[in-house]
Amino acid sequence: MSLHLHDITVTLGRGDSRTTALSGVTTSFGPGVLTALVGPSGSGKSTLLAVAGALLRPDRGQVLLNGTDLAALTDRERARARRERVGYMFQSGNLLAGLTAEEQLLAAASLAGLPPRTLRARTRELLTEVGLAHRLAHRPDQLSGGERQRVALARALLLEPELLLVDEPTAAVDRTRAEDLTTLIARTTRQYGCVTVVATHDPVVTAAADTVLDMPDHAAPAATPA
Ligand code: ADP
Ligand code: MG
């Protein structure tokens with residue numbers, strides 16, 4: 001598995017708010033490798049994740065996920081690629097209100113066209129892996145911020161994504177939680193062999209990453225070993 005971004009340019013907004021969020025970015029990400037994407041606020045980290053995950057089509061450039069150019073797909077094909085090939089973990093967890101932790105995963109499976117019935121055991125196994133065996137029946141409002149993020153990670157892993165995209169996972173948790181969450185993301189990356197990209201400001205995350213990718217303002221990032 002691999003992700004290769006080639007000459008990506010993204011312009012956002014209209015009129016006065018028009019901004020070049022990414023300009024000619026070329027970079028590659030390998031399988032089982034945790035890459036920390038760092039750079040000042042506004043340097044395009046979230047935009048890069050959105051492009052990599054086929055949430056946003058670049059103005060120019062290729063997004064090659066195992067050889068398929070996600071930027072060249074139709075909207076329908078892109079929606080399918082997002083569902084089937086990409087796992088997302090956002091800061092808030094993006095969970096559905098009213099559903100238990102277990103139901104969050106089953107609902108995602110159902111949306112992806114998989115019969116939830118056959119995934120119940122796997123769902124419990126994954127929630128156990130992320131340390132939530134005792135929280136299967138809890139709803140989002142009954143979980144802590146860190147627990148919600150773990151549910152989101154388990155949900156992302158259920159569909160065995162080729163690409164795992166994580167935006168600022170530790171911004172709202174204390175240092176111990178940040179370390180636990182980071183360890184979990186690193187372990188998962190190696191275990192599942194997915195391409196993992198984590199946008200972050202947190203030294204805890206960069207210390208655990210295999211590679212740190214610096215996003216200078218509006219320039220192509222250069223990879224350096226962690
Ligand atoms: P980061 O995640 O590194 O903080 P972003 O990818 O969110 O950076 O943003 C990159 C740039 O694009 C910033 O200058 C931001 O202000 C701009 N931007 C983001 N979203 C929009 C939008 N909808 N319209 C106009 N500009 C935007
Ligand atoms: Mg951001």
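Undergrad: Teacher, can you tell me more about the nonpolar core here?
TA: Proteins that are soluble and globular tend to have nonpolar side chains buried together. Membership of the largest hydrophobic core comes to 36 residues, with the highest contact counts inside it found for Leu127, Val151, Leu153 and Ile185. Counting only elements with at least two residues in this core, the list comes to β3 (34-38), α3 (101-111), α4 (120-129), α5 (145-158), β7 (163-167) and α6 (175-192). With seven residues, α5 is the largest single contributor of residues to this core. Once you skip the residues sitting within four places of it in the chain, Leu127 turns out to touch Ala101, Glu102, Leu105, Leu132, Ala133, Leu136, Val151 and Ala154. In terms of nonpolar packing, the next biggest core, distinct from the first, is built from 28 residues, Leu5, Ile8, Val63 and Tyr88 among them.

Undergrad: Explain the site of ligand 1 to me, please; I cannot follow it from the model alone.
TA: Close to ligand 1 lie 13 residues, the nearest being Gly42, Gly44, Lys45, Ser46 and Thr47. Against a free-state accessible area of 560 Å², the protein chains account for coverage of 62% of ligand 1. For the shell around ligand 1, the secondary-structure elements that each account for two or more residues are β2 (19-29) and α1 (45-52). The greatest single-element share of the shell around ligand 1, amounting to three residues, is contributed by α1. Broken down by class, the residue content of the shell around ligand 1 amounts to three nonpolar, nine polar and one charged.

Reading the values: rules and limits
- Residues numbered from 1 in each chain as written.
- Chains lettered and ligands numbered in written order.
- Predicted model: local features only at pLDDT ≥ 70, side-chain atom pairs only at ≥ 80, totals over all residues.
- Heavy atoms only, no water.
- Core = buried A, V, L, I, M, F, W, Y, C linked by side-chain atoms within 4.5 Å.
- Buried < 20%, exposed > 50% of the residue type's maximum accessible area, 1.4 Å probe, protein only.
- Helix = DSSP H or I, 4+ residues; strand = E, 2+ residues; numbered from the N terminus.
- Contact = heavy atoms within 4.5 Å.
- Near = heavy atom within 4 Å.
- Areas by Shrake-Rupley, 256 points an atom, 1.4 Å probe, with all protein chains shown as cover.
- Nonpolar A, V, L, I, M, F, W, Y, C, P; charged D, E, K, R; others polar.

It is worth stressing that arrangement in space is one thing and function is another; only the former is reported here.
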